[in-house]
Amino acid sequence: MRKRWMSLLVTGLLVGGALVPASPALAAPTFKVPFPCGQSWSGQTRSDHSPANAVDFNRTDDLGDPVVASAPGTVDRVTDLGGTSYGKYVRINHGGGYSTYYAHLNGFNVSVGQTVGYGKVLGWVGSTGGSTGPHLHYEQRLNGNDIQVRFNGTLGLYWGTKSYTSDNGCSSGAGNATVDTSGTPLTVRSGPGTGYASVGTVADGTRVTIACQTSGTTVTGTYGTSSIWDRIGSGRFISDAYVYTGYDGYIPGIPRC
Ligand SMILES: [Zn+2]
């Protein structure tokens, strides 16, 4: 599935008049590590950081390395504060009150108002503003307040330093997909429906390969309501309502089970 819950909700209201119950809270975007696919970066959190939940990212010889958008959104700030604070920074508005900050950049690759997707290069790692050496200062905010960061729904390490490997903008081959439940593990069934036996779970953020798709029980999940089920192994099915495939509905080129 591709579209998120709110866009489906709006479409439903406009088209059918068949009202869907309002969602009590907007799901957070699926944020990804703000570097290109496959790269590993050391991310440090510390309680005396400003703001406290920000992450400083480093790797060897990182000056000038590209910094990419964590999630789709609209660039709403491209600002140079000179030798103070963030220095050169970019802010992306992801909707639902969520935004991300990318600071101390060496230079910019986007402009205000630009729509960006996963993996879009925003600028390059630098040491501008109140920085003592090249690094990326990164924040996730909700309604303007900095929050503890999550990548693919998984909370970052607070407090300490951890290696984060990016799957941001990885080109998905046919059938490659990512489970997105916004937190809880997803139940795997022996067949295409909630009436089949549970045969385990897959964690939020897990990359899966879909062998085939079929119709089954209708489920409402992260990506709206769907009756499509994805076979991810022998006798292993998950609801497509919780899977990011890059497509709404069936994936072109993937067979029916
Ligand atoms: Zn910082």
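- Per an unreviewed UniProt entry, the protein is named Peptidoglycan DD-metalloendopeptidase family protein, and its organism is Micromonospora tarensis.

1. Examining the coordination of the zinc ion
- The coordination sphere of the zinc ion contains the protein donors His49 (NE2), Asp56 (OD) and His137 (ND1), at a distance range of 2.1 Å.
- Donor residues for the zinc ion sit on one chain with the sequence pattern H-x6-D-x80-H. Remark: His137 occurs in strand S10 (residues 136-142) and Asp56 occurs in strand S2 (residues 55-58); sequence separation between them is 81 residues.

2. Some points on unusual backbone geometry
- Looking along the chain, the bond that leaves Ser50 and enters Pro51 is cis, with omega of -5 degrees.
- Relative to the elements of secondary structure, Pro51 occurs in the loop between strand S1 (40-45) and S2.
- Look at the link from Tyr158 to Trp159: it is a cis peptide, with omega at 0 degrees.
- Mapping Trp159 onto the fold places it in the loop between strand S13 (154-155) and strand S14 (160-165).
- For His104, which is not glycine, the phi torsion reads 65 degrees and is therefore positive.
- Among the secondary structure elements, His104 is positioned in the loop between strand S6 (98-103) and strand S7 (105-108).

3. Some details on the sheet that holds strand S3 (residues 66-68)
- Taking strand neighbours across the sheet as the criterion, the 3 strands line up as S3-S9-S7 in an open arrangement whose pairing is antiparallel. Looking at which strands have only one partner, the edges of the open sheet turn out to be S3 and S7. With strand direction ignored, the average angle separating the axes of adjacent strands in the sheet is 35 degrees.
- In the sheet, S3 pairs with strand S9 (residues 121-125) via 3 bridges, with the strands oriented antiparallel. Paired with Val68 across the bridge in S9 is Val121.

4. Section: the packing of aromatic side chains
- Summed over the entire model, instances satisfying the criterion amount to 15 aromatic pairs.
- Clustering of aromatic rings is evident, with ring pairs tying together Phe35, Trp41, Phe57, Tyr102, Tyr138, Phe151 and Tyr164.
- The lysine or arginine in question, Arg141, covers the ring of Tyr101, its NZ or CZ lying 4.5 Å from the ring centre.
- Directly above the aromatic system of Tyr250 lies the positively charged group of Arg256, at a separation of 3.6 Å from the ring centroid.

5. Some points on the pairing of strand S5 (residues 88-95)
- The pairing of strand S4 (residues 73-80) with S5 spans 6 bridges and is antiparallel. Bridged to Thr74 within S5 is Asn93.
- Strand direction decides the pairing type here: S5 and S6, joined by 5 bridges, are antiparallel. When the sheet's bridge partners are listed, Ile92 is paired in S6 with Thr100.

6. Quick notes on the state of the cysteines
- Within the structure shown, the criterion is met by 1 disulfide.
- Here Cys212 is linked by a disulfide to Cys257, with a sulfur-sulfur distance of 2.0 Å. Taking the torsion about the sulfur-sulfur bond, which here is approximately 100 degrees, the covalent link between Cys212 and Cys257 counts as right-handed. Of the two residues, Cys212 is situated in strand S19 (residues 212-221) and Cys257 in the segment after strand S22 (243-244); the sequence distance between them amounts to 45 residues.
- Owing to a relative accessible area of 45%, Cys257 belongs among the partly exposed residues under this scheme.

7. Section: the environment of Thr181
- Summarising the element assignment, Thr181 is placed in the loop between strand S15 (176-179) and strand S16 (186-189).
- Take Thr181: its relative accessible area is 11%, and that puts it in the buried class.
- Sequence-wise, Thr181 and Asn152 are 29 residues apart; in three dimensions their C-alpha atoms are separated by 9.3 Å.
- Discounting chain neighbours no more than four positions away, the residues touching Thr181 are Leu186, Asp204, Thr222 and Tyr242.
- Polar contacts involving the side chain of Thr181 include one to the main-chain amide nitrogen of Gly183, which spans 3.2 Å.

Calculation notes
- Residues numbered from 1 in each chain as written.
- Predicted model: local features only at pLDDT ≥ 70, side-chain atom pairs only at ≥ 80, totals over all residues.
- Heavy atoms only, no water.
- Donors = N, O, S within 2.8 Å, 3.2 Å for Na, K, Ca; no water.
- Helix = DSSP H or I, 4+ residues; strand = E, 2+ residues; numbered from the N terminus.
- Pairing = 2+ DSSP bridges.
- Axes fitted to C-alpha atoms, helices over the stretch in contact; angles between N-to-C directions.
- Phe/Tyr/Trp six-rings, centres within 6.5 Å; stacked < 30°, edge-to-face > 60°.
- Lys NZ or Arg CZ within 6 Å of the ring centre and 35° of its normal.
- Disulfide = S-S within 2.5 Å.
- Buried < 20%, exposed > 50% of the residue type's maximum accessible area, 1.4 Å probe, protein only.
- Contact = heavy atoms within 4.5 Å.
- Polar contact = N/O pair within 3.5 Å; in protein donor to acceptor, adjacent residues only side chain to side chain.

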